[in-house]
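# A structural walkthrough
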Amino acid sequence: MKEVHYNGLTFVPYIEKERIAARVKELAAQIKKDCEGTVPLFICVLNGAFPFAADLFRAVDMDAEITFIRLKSYEGMASTGVIKEVVGLSEDIKDRNVIIIEDIVDTGKTIHNLLADLKKKEPASLKIATLLFKPEALVCDVKPDYVGFEIPKKFVIGFGLDLDGIARNLEDVYQLKENA
């Protein structure tokens, strides 16, 4: 892995695809155990969670369903603080075991608002699976149930995470390089 450059910024390797793949298998095994005897509904939050959701959904190895919603709260490297629902949920989740798949839980605002909206639809259970979690950045009381990696409060790209729409297709996760 070598550093990459986007929009005049330098990013250095942080989490390699092999570590991600191994962790996804561990999370899938835990989800399968926790959801035994049910047919859970996975809700992938687009666009960022798509690569993680695809890998996790295949690795769960049980009867399950998946659907997609699209929320937007970031512009550039900062959250706008305003969550916009671009594509909404069309499935009935009442009495369903629901697992929200996120790419990253940062401030927690997006997932906090989504949880509040979904709870009104009366699911049997509501859990969060996230590839990355920044506990130091939380401003909302949110605790993901399945966490791929806890990371510091630094900007990351790759494996679904973007910088103004680019870099999502990197197979590894990269971190913004500190200025020397």
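Below you will find a few notes about this structure. As the structure is a prediction and not an experimental result, all values here were calculated from the model.

## A look at the overall build of the chain
- From N to C terminus, the chain includes 3 helices and 10 strands.
- Helices and strands appear in the chain in the N-to-C order β-β-α-β-α-β-β-β-α-β-β-β-β.
- In terms of C-alpha radius of gyration, the chain reaches 16 Å, essentially the compact-globule figure of 16 Å for 180 residues.
- Taken over the C-alpha atoms alone, the chain extends approximately 50 × 35 × 25 Å along its principal axes.
- Burial statistics for the chain: of 180 residues in total, 42% are counted as buried.

## Remarks on helix H2 (residues 50-60)
- Looking only at H2, the buried set comprises Phe52, Ala53, Leu56 and Val60. For H2, the angular spread of buried residues about the axis comes to 95°, placing them on one side.
- Residue aspartate 61 follows H2 closely and has a positive phi angle near 55°.

## A short note on the pairing of strand E3 (residues 41-46)
- When you tally the buried positions in E3, you get 5 out of 6 residues, the bulk of the element.
- Both E3 and strand E6 (residues 97-105) contribute to a ladder of 4 bridges, which runs parallel. Within E6, the residue paired with cysteine 44 across the bridge is isoleucine 101.

## Things to note about the pairing of strand E10 (residues 173-176)
- Sheet topology places strand E2 (residues 9-15) next to E10; 4 bridges connect them, and they run antiparallel. Note on E10: the bridge partner recorded for isoleucine 15 is valine 173.
- Note that strand E9 (residues 156-157) and E10 share 2 bridges and pair antiparallel. Note that in E10 the partner of valine 156 across the bridge is glutamine 175.

## Considering the sheet that holds E10
- If you trace the 4 strands from one edge of the open sheet to the other, you get E1-E2-E10-E9, paired in antiparallel fashion. Both edges of this open sheet fall to strand E1 (4-6) and E9, since each of them pairs with a single strand only.

Rules used throughout
- Residues numbered from 1 in each chain as written.
- Predicted model: local features only at pLDDT ≥ 70, side-chain atom pairs only at ≥ 80, totals over all residues.
- Heavy atoms only, no water.
- Helix = DSSP H or I, 4+ residues; strand = E, 2+ residues; numbered from the N terminus.
- Rg over C-alpha atoms; globule rule 2.2 N^0.38 Å.
- Buried < 20%, exposed > 50% of the residue type's maximum accessible area, 1.4 Å probe, protein only.
- Arc of directions from axis to C-beta.
- Pairing = 2+ DSSP bridges.

Any functional reading would require information that these geometric values do not contain.
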